[in-house]
Amino acid sequence: MTALAAADAQEMKLAVMLADIGLVLVAGAVLGRLAQKVRQPAVIGEITAGILLGPSVLGLLPGDLTDRIFPPEVRPLLSAVSQVGLILFMFLVGWEFDKRLVRRHGKLAASVSLSSILVAFGLGFALAVPLYEHHSVVAGHKITFLAFATFLGTAMSVTAFPVLARILNENKLLETRVGSVSLASAAIDDLLAWCLLAYVSALVAADGDYADLTRIGALSVVYVAFMLIVVRPFAARLMWRWAATERWSMLLAVLCAGALVSAWVTTWIGIHAIFGAFLFGFVMPREPSLVLAQHVRTPMEHVSRVLLPVFFIVTGLNVDLGALTAGDVVALVAIVIVACAGKLIGAIVPARMAGFSWRESKDLGLLMNTRGLTELIILNAAVSLGVLDGRMFTMLVIMALVTTAMAGPLLSRHHRPDRPGAPAATGGSGLAPRTSESVAGSTPPRT
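All of these numbers come straight from a predicted model, not from anything done at the bench.

(A) The arrangement of the overall build of the protein chain in detail. The number of helices and strands found in the protein chain is 17 helices and two strands. Per-residue burial over the protein chain gives 55% buried out of 447 residues. Looking at the protein chain alone, contacts between residues at least 24 apart form 81% of all its contacts between residues at least 6 apart. For the protein chain, the computed accessible surface area is about 18300 Å², with 70% contributed by carbon and sulfur atoms.

(B) Examining the nonpolar core more closely. By size, the foremost hydrophobic cluster in this structure holds 124 residues, and its most contacted members are F151, W194 and M284. It is helix 8 (residues 177-206) that provides the largest number of residues to this core, a total of 13 residues. Among all residues touching W194, those that are not within four sequence positions of it are M90, V93, I274, F275, F278, T374, I377 and I378. Residues M17, A49, V310 and I313 belong to the second largest nonpolar core, which totals 14 residues.

(C) Main features of the packing of aromatic side chains. A full pass over the atoms with the stated rule returns eight aromatic pairs. Considering the side-chain rings of Y132 and F145, the 5.4 Å spacing of their centres and the 85° angle between planes classify their relative orientation as edge-to-face. Residue Y132 is found in helix 5 (residues 99-132), and its partner F145 is found in helix 6 (residues 145-157); the two are separated by 13 residues along the sequence. Classification of Y132 by relative accessible area gives buried; the value is 15%. Here the aromatic rings of F278 and F282 are separated by 6.1 Å at their centres, their planes lie at 25°, and the arrangement is stacked. Here F278 pairs with F282, and both are found in helix 11 (residues 273-283), just four residues apart, close to one helical turn. Exposure class is identical for F278 and F282. Each is buried. Note that R177 overlies the ring of F356, its terminal NZ or CZ placed 4.2 Å from the centroid. The positively charged end of R297 is found above the aromatic ring belonging to W95, 4.9 Å away from the centroid.

(D) Representation of the packing of helix 10 (residues 248-269) against helix 12 (residues 289-317) in the model. Where helix 10 meets helix 12, the axes come as close as 10 Å, and the angle between the chain directions of the two elements is 50°. With respect to helix 12, the axis of helix 10 lies oblique. The two elements helix 10 and helix 12 cross, and the hand of that crossing is right-handed. Residues W248, L251, L252, L255 and C256 of helix 10 lie in contact with helix 12, whose contacting residues are V291, L292, H295, V296, P299 and M300. Partitioned by chemical class, the residues of the contact of helix 10 with helix 12 number ten nonpolar, one polar and no charged.

Rules used throughout
- Residues numbered from 1 in each chain as written.
- Predicted model: local features only at pLDDT ≥ 70, side-chain atom pairs only at ≥ 80, totals over all residues.
- Heavy atoms only, no water.
- Helix = DSSP H or I, 4+ residues; strand = E, 2+ residues; numbered from the N terminus.
- Buried < 20%, exposed > 50% of the residue type's maximum accessible area, 1.4 Å probe, protein only.
- Contact = heavy atoms within 4.5 Å.
- Areas by Shrake-Rupley, 256 points an atom, 1.4 Å probe, with all protein chains shown as cover.
- Core = buried A, V, L, I, M, F, W, Y, C linked by side-chain atoms within 4.5 Å.
- Phe/Tyr/Trp six-rings, centres within 6.5 Å; stacked < 30°, edge-to-face > 60°.
- Lys NZ or Arg CZ within 6 Å of the ring centre and 35° of its normal.
- Axes fitted to C-alpha atoms, helices over the stretch in contact; angles between N-to-C directions.
- Parallel < 35°, antiparallel > 145°, perpendicular 65-115°, else oblique.
- Left-handed = near helix turned anticlockwise from the far one by under 90°.
- Nonpolar A, V, L, I, M, F, W, Y, C, P; charged D, E, K, R; others polar.

This is the structure we're talking about:
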């Protein structure tokens, strides 16, 4: 192939990618809107769009339409675009994390979060015992049982803070005791989920070498300390100075660059890139809040809203329902049951001990059982780390959709606020009711 022909082929590949992104945005918007009309989070529709466009539905039609529309050589480019949106979203999740929400409910939120994580993680770890034999080899490489079981436990432990916030908003539960405690518990859950993922990343990167695992752990501690001790105070001074001089474009560029560089650093250390983006957002100052929200946070949210549907669709394209065997269907049922049992039991028990009614405790358990976007991020991270094969990925995506979709319809419809006029619970991770798609303080990227 001549240089000119190679250049033409590369240009055509980029053109196909751009057309695919256009198709993805339209399909995600249409299915996301349909999901919202039936009182489901938009992410349900967007993932469904990816499944419909993938091998599970479109790929079954004559002409191999999925590979024609999304050629294998173009998919890495789509994945790269989706990763940029994901990194910016994770930065916003860290930036929006509201420690005041956690402090407001203190011990109860911590007990609900830790209990639901421990029970779900334990059940997931136990379920890994019969599943490991059938999913121990990924792309020709045998993964360790500890890595597989730890990840499966982590996948069971997740609660999706952004999706939960939207469900609370739509069901008018923000001002209730159930709503505010679930938000605080989910905030703690989200933070611990990223830490668990960081551990799984280090475990896989070390590949059984405990000296390497120790090195990754030490470098991670050093980097976290550097971000807290050096970057946070420097960023605070920089933000106030540039906000005073209204250098918004420069500040926006620096924050985006910082998130991407931090993601690269954690990848180099041996933990997943999303942890670096989350950490960079977590150490960023929140003040001056009003001008930062208007000139910095909102533009970044708009970028994420455009790019995140690509992530959802790419996830759906990797779901192949036709590849599941009869044994996999049995395993899928077991996964869904274990996922629901872990979160429901883990949340209901401490809620009842704290004096919640059975109805409140049940609703709290259902809310903590929503996995949505957070679960999809962790599943895609596991695929990139080589922990999940295609069949297990498909089963866990279906589990995430089922546990997220079931919350809204099963919630009790009538709760009384703890006191008249109680303020709405505020929340981090881009969760705030400025619009119908948000909950207390700022608008999250599409969830």
